[in-house]
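Chains, contacts and geometry: an overview
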Amino acid sequence: MHRYGVREVEKLLGLRRSTIRALIEAGFVSPERGPRNAWRFSFQDLVVLRTAQALAEAQVPPRRILRSMKALRSRLPEEMPLSGLSVRVVADRVVVKEGGSHWQAESGQYLLAFEGDPSDGSLNVVEYKPAEAPAHAVPHATHWFERALALERDEPESARRAYERAIVEAPQLLDARINLGSLLHEAGCLTEAEHVYREAIAACGSAPTLMYNLGVLLDDMDRKHEAMDAYRAALRGDPGLADCHYNLALLCEQFSKPRDAIRHMAQYRKLVEVKPG
């Protein structure tokens, strides 16, 4: 059975890493741990994550969400069915479309048609849409960037070469540099990943996502003080990076900075808070 990493989940579902962590902490999913203690998600986890987030945004009570997600998981196939599968949130109910059949998650009851307007608040859980390359990318760079996105999961080495080609064609293509650095990081090529990130800073400036990724890398390289500096730089550009606050809180606690640790953890919790119904 295929397992998905956090970066794949972010791209497939359009969820931020902080949201994924919050949904895990709320008990909606319990992903496995893989190499280097990284989360590994099943197909069922993906469906439950996206649906739980939609219900939370609709202010459905957490207990009701947990009950719905437990029922949904028990009825989902382990892998994506050939007939296709989508999950829609209609009002506060979860309706699953599998092939030509529709059924309600909590009861398992098959439906003749959606009640209400399924286009209102509905979502397709597992449809993958490659991210668009930035508008300023030249045509050849766009081609290599999109090719790299398509290759990331199954052919990471080919994806790496495609990102490198995109960067040669368009040195200001920050997304290609960030994705390349992340690929190298995940492959354990930490020194090469740092080189990519440093070159990206020189070419494109200190973008918040870039500085956050650099901070995570430096953290993994046990260069904690440098990681703190990178995290702070990321937050100066985007104070809404919840995971950045979380990581920085842990480092502040480690280096006996309790006030800073409390402040960043409080900000993290504020940013990922799931409102009760």
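What you see is a predicted model, and the numbers here were worked out from it, not measured in a lab. (Residues numbered from 1 in each chain as written. Predicted model: local features only at pLDDT ≥ 70, side-chain atom pairs only at ≥ 80, totals over all residues. Heavy atoms only, no water.)

**Here we look at the overall build of the chain**
Looking only at helices and strands, the chain features twelve helices and six strands. Here the chain, with 277 residues, has 47% of them falling under the buried criterion. For the chain, contacts bridging at least 24 residues in sequence account for 56% of all contacts bridging at least 6. Accessible surface, the chain as shown: approximately 14400 Å² in total, 49% of it carbon and sulfur. (Helix = DSSP H or I, 4+ residues; strand = E, 2+ residues; numbered from the N terminus. Buried < 20%, exposed > 50% of the residue type's maximum accessible area, 1.4 Å probe, protein only. Contact = heavy atoms within 4.5 Å. Areas by Shrake-Rupley, 256 points an atom, 1.4 Å probe, with all protein chains shown as cover.)

**Focus: helix α10 (residues 224-237)**
Structurally, the α-helix is built with 3.6 residues per turn, so residues lying three or four positions apart point the same way. Helix length check: α10 (14 residues) gives 20 Å between terminal C-alpha atoms against 20 Å at 1.5 Å per residue, within 8%. When we look at burial in α10, the residues that qualify are K224, A227, M228, A230, Y231, A233, A234 and L235. For α10, the elements touching its buried residues are α9 (208-220), α11 (242-254) and α12 (258-272). (Expected span 1.5 Å × (residues − 1).)

**Looking at the confidence of the model for the chain**
Mean pLDDT over the chain: 76, with 70% of residues reaching 70 or higher. Throughout residues 80-84 the model reports pLDDT below 50, and contacts reaching past four residues in sequence, or to other chains, amount to ten contacts. Of the regions scoring below 50 in pLDDT, residues 108-131 engages in 51 contacts with residues more than four places distant in sequence or in other chains. (pLDDT = per-residue confidence, 0-100.)

**As for helix α8 (residues 190-204)**
When the terminal C-alpha atoms of α8 are compared, their 21 Å separation across 15 residues agrees well with the 21 Å that a helix rising 1.5 Å per residue should span. Listed as buried for α8 are L190, A193, E194, V196, Y197 and A200. Buried residues of α8, seen end-on, are gathered within an arc of 160° and therefore sit on one face of the element. Projecting away from the buried face of α8 at angles above 90 degrees are the exposed residues T191 and A202. Looking at the buried residues of α8, the elements they touch are α7 (174-186) and α9. (Arc of directions from axis to C-beta.)

**Concerning the pattern of salt bridges**
As a working rule, side chains carrying opposite charge can pair if their charged atoms are close by. Counted according to the given criterion, the structure contains 14 salt bridges. Residues E194 and R223 are paired through a salt bridge, measuring 2.8 Å at the closest nitrogen-oxygen approach. Taken together, the residues span a long stretch of sequence, with E194 in helix α8 and R223 in the loop between α9 and α10 at a distance of 29 residues. We classify E194 as buried; its relative accessible area is 12%. The shortest N-O distance in the salt bridge between R223 and E226 comes to 2.9 Å. The partly exposed category is assigned to E226, whose relative accessible area is 34%. Salt bridges here are not isolated pairs; linked through shared partners, they connect E194, R198, R223 and E226. (Salt bridge = Lys/Arg side-chain N within 4 Å of Asp/Glu carboxyl O.)

**Digging into unusual backbone geometry**
Of note in the backbone geometry, D222 takes a positive phi value of approximately 65° without being a glycine. Mapped onto the elements, D222 comes out in the loop between α9 and α10. The class of D222 is exposed, set by a relative accessible area of 57%. Not every positive phi belongs to a glycine, and S256 is a case in point at roughly 55°. Structurally, S256 is set in the loop between α11 and α12.

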